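As a plain string of letters, each chain reads:
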Amino acid sequence: MKVTNHIKKAKGKTLFSFEIIPPQKGRSIQELYNNIDPLMEFNPPFIDVTTSREQYIYIDKGDGLLDRKITRMRPGTVGICAAIKHKYNVDTVPHVLCGGFTKEETEYLLVDCHYLGIDNVMALRGDAMSHQKYFEPSKGGNHYATDLVAQIQNLNCGKYLHDVVESDHKSDFCIGVAGYPEKHMEAPSLQADLRRLKEKVNAGADYVVTQMFFDNEKYFEFVEKAKEAGINVPIIPGIKPLAVKRHLQILPQVFKIDLPETLVNEVEKCKDNKQVRQVGVEWAIKQSEELKKAGVPVLHYYSMGKSDNIKAIASKLF
Ligand code: FAD
């Protein structure tokens, strides 16, 4: 079922969902199941599965030279979506990226999703590769998430690339896109970023999931401004519980977000990461309670492959 239909069916009740990361290649899918199992009692209507960018690795050739190869360390997003969907009878949302894919490869991936009965996809540009300063689109690939949304929307209208087939069978994907309460790092202003978000919605996006934030006011203001900009699709808040002291540096650096002073002080007082994890859980519970009271459609958690803290939060709320 589509994410938007799950929201409609809930009739104002806040739903629980979460995002998982595929295991590194060579690792077992059982690790993933072990982290999903404890969260199923909270009845997530859908689970997101991320896609990671490809990266360069350097192989020692033994003659003092290095061979540069490109690889994807966490492949398998669509396969994992299909496996989880059938194992748990839950909807899954594969993240589909512009970066690293030609439009043809994207079309094949979407066709696979359609055959597998996957009803939702999250359309994202992707970040720059680790060695790049700025994002560069792949040759023959989509540049911005808007272009990817348009490609998916074309498929929903039975329009395949290059018009090589006469289609009598349309896909009907529900399309999610990303939103940034503290603006995307490359956007010149929040208003400019909101105009880009509106373009994604105009191109066919059905709902928005936000980047993590730690101050609910940022989310409430974002939703208000998005409405003023004519964005009328559901805006699902993304919540990440802080888990290690290093997050105080990493999260602002990587995601260009602010951490509230009270939270920073609480974390700095912690003697070890076990205490930090507890502070992170308590902060996320407070955030979630307020958001739930405000009637958000879904509370969507970034699990980063570990479920104990998400379970601790969900058991207070769902
Ligand atoms: P876009 O919407 O394309 O925007 C990117 C930037 O370009 C913005 O600054 C925007 O304002 C600007 N822009 C948009 N259109 C135009 C235009 N026509 N001209 C000029 N500027 C424009 N990354 C992954 O690699 N894998 C994942 O699985 C993944 N999942 C995510 C899930 C969520 C909920 C979120 C919030 C992010 C996720 N990301 C993921 C990160 C995401 O890929 C990055 O934040 C990326 O830098 C931007 O992606 P986007 O889809 O928001 O890009």
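Residues numbered from 1 in each chain as written. Predicted model: local features only at pLDDT ≥ 70, side-chain atom pairs only at ≥ 80, totals over all residues. Heavy atoms only, no water.

Colleague: An account of the pairing of strand β8 (residues 207-210) is needed here, citing residue identities and associated values.
Modeller: The side-chain alternation of β8 yields two buried faces, one formed by Y207 and V209 and the other by V208 and T210. Bridge analysis of strand β7 (residues 174-179) against β8 gives four bridges, and the strand direction is parallel. Each bridged residue has a counterpart across the sheet, and for A178 the counterpart in β8 is V209. Handedness of the crossover joining β7 and β8 through helix α6 (residues 190-203): right-handed. (Buried < 20%, exposed > 50% of the residue type's maximum accessible area, 1.4 Å probe, protein only. Helix = DSSP H or I, 4+ residues; strand = E, 2+ residues; numbered from the N terminus. Pairing = 2+ DSSP bridges. Right-handed = clockwise from strand over helix to strand, strands pointing away.)

Colleague: Go over the site of the ligand, please, and point to the residues and values.
Modeller: Near the ligand you find 22 residues, and of these T51, D127, Y180, D193 and K200 are the closest. One of the side-chain nitrogen or oxygen atoms of Y180 is found 2.7 Å away from an oxygen atom of the ligand. Between the ligand and the protein, one listed contact pairs an oxygen atom with a backbone N or O atom of A187 at 3.4 Å. For the ligand, the accessible surface in isolation is 980 Å², of which the surrounding protein chains cover 87%. Only β5 (91-97), β6 (120-124) and α6 provide two or more residues apiece to the shell around the ligand. A per-element tally of the shell around the ligand places α6 first, with three residues. (Near = heavy atom within 4 Å. Polar contact = N/O pair within 3.5 Å; in protein donor to acceptor, adjacent residues only side chain to side chain. Areas by Shrake-Rupley, 256 points an atom, 1.4 Å probe, with all protein chains shown as cover.)

Colleague: Break down the layout of surface pockets for me, citing the residues and quoting the values.
Modeller: Volume-wise, the second largest pocket comes out at about 340 Å³. When residues of the lining of the second largest pocket are traced back to their parent elements, those giving at least two are α1 (3-10) and α7 (216-228). Across the lining of the second largest pocket, the residue classes tally to 12 nonpolar, three polar and three charged. (1 Å grid on protein atoms, 1.4 Å probe; cavity = no way out; pocket = protein on both sides within 12 Å on 5 of 7 lines; lining within 4 Å. Points joined across faces, edges and corners; volume = space filled by probe spheres on them. Nonpolar A, V, L, I, M, F, W, Y, C, P; charged D, E, K, R; others polar.)

Colleague: Talk me through the side chain of D48; I want residue IDs and the actual numbers.
Modeller: Relative to the elements of secondary structure, D48 occurs in strand β2 (residues 46-49). One buried charge, D48, has no salt-bridge partner; the nearest side chain with opposite charge is K200, at 13 Å. Beyond its immediate stretch of four places on either side in the chain, D48 contacts F18, E19, I20, V93, H95, M122 and H300. (Lys, Arg positive; Asp, Glu negative; His and termini not counted. Salt bridge = Lys/Arg side-chain N within 4 Å of Asp/Glu carboxyl O. Contact = heavy atoms within 4.5 Å.)

Colleague: Go over the sheet that holds strand β11 (residues 298-302) with me, naming the residues and quoting the values.
Modeller: Ordered by their spatial adjacency, nine strands build an open sheet running β9-β8-β7-β6-β5-β2-β1-β11-β10, and the pairing between neighbours is parallel. The open sheet has two edge strands, β9 (235-236) and β10 (238-239), and neither has a second partner. Where strand β1 (residues 15-20) lies against β2, three bridges are found, and the strand directions are parallel. Bridged to F18 within β2 is I47. Contacts from helix α3 (residues 77-88) reach β1, β2 and β5, with the element oriented near 175° to β5. (Axes fitted to C-alpha atoms, helices over the stretch in contact; angles between N-to-C directions.)

Colleague: Please provide a residue-by-residue account of the environment of Y144, values included.
Modeller: Inspection of the secondary structure puts Y144 in the loop between β6 and α5 (145-156). A relative accessible area of 47% means that Y144 is categorised as partly exposed. Residues within four places of Y144 in sequence aside, it is in contact with C98 and R125.

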